[in-house]
Amino acid sequence: MSINLTNVIYTYLKGTPFESLALKGVSTTINPGEIVAIIGHTGSGKSTLVQHLNGLLNPGSGKVTVEDIDISAKTSEAKKARQMVGMVFQYPEHQLFAETVYEDIAFGPRNKGFTPEEVDKAVREGMAFVGLDFETFKERSPFQLSGGQMRRVAIAGIVAMNPDYLVLDEPSAGLDPRSRDAVFREVMNLHVTRKLAIVLVTHSMEEAVKYAKRMLVINQGNILFDGKPEEIFKEHTDELIEIGMDIPESYKLAALLRKQGMNLPEGLKDEKELAKAIKKAKGWK
């Protein structure tokens, strides 16, 4: 089963002088267990697209289904289908609301009908998963935490609901490099241990090519490209630059070195892989 978008059209402020067509007949599938990066410049429609994945927005026309269930329906089946898709927004302070970390993480499981014992177990497992000590953080206000810790609480709240799909909207925004790496370690661990599908909305080309196996490039409300990140960056460089996007710095440097005669493989995902390839090409140890 999967998430399917079929000819989805969405218009903001329809029927007003400020009407704006955000999605123009988008069709795509998110498969179980895959990692998909969604990239596009500001205003391209990528955030609008992902808000359709769990029913935060409903199409003006077209259909979104999860496990073949139309999630815009007002049925218990549709509600359960929507709950299969967890979303962590760009700024967790907009998502956190309770007085304590425990209560914030517990909200989702309670809303799904967990018993008190199941709620407590889910909260403990969610906090353990993201590396937050239960006794240390359970009674703290989420608004007194660092940006990285707030991001972890938001992810723990989704983990506690045991979704099948996790949507991350700019998960590294505003984080220092150490916090960013910690968040991605937890996300990738979640992907591996729970076979969770990850949808990653990002402005970072480096994040897209490093973590995703598939990438959607959104432009002016349409899917411009859909494929492996390394292939898109290699084959569509000019088109990406034309729409205001870029390619990873490691790709740029590798291309320059190839022009100078260095024998480097294609698809080097980051600086570490590039450095190893350069050492090998030079015969350095």
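Each chain has its residues counted from 1, following the order in which its sequence is written. With pLDDT at 70 or above as the cut-off, local features in this predicted model cover only qualifying residues; side-chain atom pairs require 80 or more to be listed or tallied, and sums for whole chains, interfaces and linings still use all residues. Calculated side-chain values reflect all of the structure's heavy atoms, with hydrogen atoms and water omitted.

**Student:** Mind laying out the sheet that holds strand 4 (residues 61-66), listing which residues take part and the relevant values?
**Tutor:** Strands sit in the order 2-1-4-5 across an open sheet of four strands; the sheet is antiparallel. Edge positions in the open sheet fall to strand 2 (20-30) and strand 5 (69-70), since each of these has one partner strand only. Two strands pair if DSSP finds at least two bridges between them. Each helix is a run of DSSP H or I of at least 4 residues and each strand a run of E of at least 2, with the numbering of both proceeding from the N terminus. By the bridge criterion, five bridges tie strand 1 (residues 3-12) to strand 4 in an arrangement that is antiparallel. Bridge pairing in strand 4 links Ile9 to Ser61.

**Student:** Outline a positive patch on the surface, listing residues and values.
**Tutor:** Each patch is assembled from residues with relative accessible area greater than 30% and no salt bridge, linking like charges that lie within 9 Å and nonpolar side chains (Val, Leu, Ile, Met, Phe, Trp, Tyr) that lie within 5 Å. The method behind every accessible area is Shrake-Rupley, applied with a 1.4 Å probe, and residues are considered shielded solely by the protein chains displayed. A pair is scored as a salt bridge if a Lys or Arg side-chain nitrogen falls within 4 Å of a carboxyl oxygen belonging to Asp or Glu. A residue counts as positive if it is Lys or Arg and as negative if it is Asp or Glu; His and the chain ends are not included. To locate a charge, take atom NZ for lysine, CZ for arginine, CG for aspartate or CD for glutamate. Side chains of Lys210, Lys272, Lys276 and Lys279 sit close together on the surface and give a patch of like positive charge. The dominant element in the positive patch, judged by the number of residues it contributes, is helix 12 (residues 271-282), at three residues. In this structure, Lys276 sits in helix 12. Three exposure classes are used, based on accessible area relative to the maximum for each residue type with a 1.4 Å probe and protein chains only: buried under 20%, partly exposed in between, and exposed over 50%. Taking relative accessible area as the criterion, Lys276 reaches 64% and is therefore assigned exposed.

**Student:** Explain the pattern of salt bridges to me, using residue names and the numbers behind them.
**Tutor:** In the structure shown here, the tally under the stated rule is 10 salt bridges. Between Lys121 and Glu125 there is a salt bridge, with the nearest N and O atoms lying 2.6 Å from each other. Remark: Glu125 and Lys121 occur in helix 4 (residues 116-129); sequence separation between them is four residues, near one turn of the helix. Note on Glu125: relative accessible area 35%, which makes it partly exposed. For Lys138, the salt bridge is made with Glu135, and the minimal N-O distance between the two is 3.3 Å. Since its relative accessible area comes to 53%, Glu135 is described here as exposed. Through salt bridges with shared partners, a single network forms among Glu34, Arg214 and Asp226.

**Student:** Run through the environment of Met87, naming residues and quoting values.
**Tutor:** Along the chain, Met87 falls in strand 6 (residues 85-88). Expressed as a C-alpha distance, the spacing of Met87 and Ile158, which sit 71 residues apart in the sequence, is 7.1 Å. When residues no more than four places from it in sequence are discounted, the contact partners of Met87 are Val50, Gln51, Asn54, Leu56, Gln95, Ile158 and Val167. Contact criterion: two residues are considered in contact whenever any of their non-hydrogen atoms come within 4.5 Å of each other.

**Student:** Give me a nonpolar patch on the surface: which residues, what numbers.
**Tutor:** A surface patch of nonpolar side chains, amounting to about 330 Å² of accessible area, comprises Tyr12, Leu13 and Phe18. Position of Phe18 among the secondary structure elements: in the loop between strand 1 and strand 2.

**Student:** Can you tell me about the side chain of His52, naming the residues and giving the values?
**Tutor:** Looking at the element boundaries, His52 is found in the loop between helix 1 (46-51) and strand 4. Beyond its immediate chain neighbours, meaning those up to four positions away, His52 contacts Val8, Tyr10, Leu23, Leu57, Asn58, Pro59, Val64 and Ile71.

**Student:** So, the packing of helix 11 (residues 249-259) against helix 12: which residues are in play, and what are the values?
**Tutor:** Each pair of packed helices can be described by the angle between their axes along with the distance between the axes. Contact geometry for helix 11 and helix 12: axes closest at 9 Å, N-to-C directions at 20 degrees. On the basis of their axis angle, the class for helix 11 and helix 12 is roughly parallel. Our pair here, helix 11 against helix 12, has a crossing hand that is left-handed. Here Ser250, Leu253, Ala254 and Leu257 of helix 11 come into contact with helix 12, specifically with Glu271, Leu274 and Ile278. For the contact of helix 11 with helix 12, the per-class residue count stands at five nonpolar, one polar and one charged. The convention used is that axes are lines fitted to C-alpha atoms, helices contributing only their stretch in contact, and that angles between N-to-C directions extend from 0 to 180 degrees. Any angle between 65 and 115 degrees counts as roughly perpendicular, while under 35 counts as roughly parallel, over 145 as roughly antiparallel, and the rest as oblique. Working rule for handedness: look at the near helix, and if it is turned counterclockwise from the far one by less than a right angle, call the crossing left-handed; if clockwise, right-handed. Note on residue classes: Ala, Val, Leu, Ile, Met, Phe, Trp, Tyr, Cys and Pro are nonpolar, Asp, Glu, Lys and Arg are charged, and everything else, Gly too, is polar.

**Student:** Now, about the packing of helix 6 (residues 147-159) against helix 7 (residues 177-194): what can you tell me, with residues and values included?
**Tutor:** The geometry of helix 6 relative to helix 7 is characterised by a closest axis approach of 9 Å and an angle of 15 degrees between their N-to-C directions. What the angle tells us is that helix 6 and helix 7 run roughly parallel. For helix 6 against helix 7, the interelement crossing comes out right-handed. Mapping the contact onto sequence places Gly148, Arg151, Arg152, Ile155 and Val159 in helix 6 and Ser179, Ala182, Val183, Glu186, Val187, Leu190 and Arg194 in helix 7. A breakdown of the residues in the contact of helix 6 with helix 7 according to their chemical character gives six nonpolar, two polar and four charged.

**Student:** Explain the sheet that holds strand 6 residue by residue, including any values.
**Tutor:** An order of 6-7-8-3-9-10 is seen for the six strands of this open sheet, with the pairing classed as mixed. Every other strand in the sheet has two partners, leaving strand 6 and strand 10 (222-227) as the edge strands with one partner each. Each strand axis lies, on average, 20 degrees off the axis of its neighbour in the sheet, ignoring direction. When strand 6 meets strand 7 (residues 165-169), the two strands line up parallel, connected through four bridges. Within strand 7, the residue paired with Val88 across the bridge is Leu168. Sheet strands touched by helix 6: strand 6 and strand 7. Its angle to strand 6, the strand with the most contacts, is close to 170 degrees.

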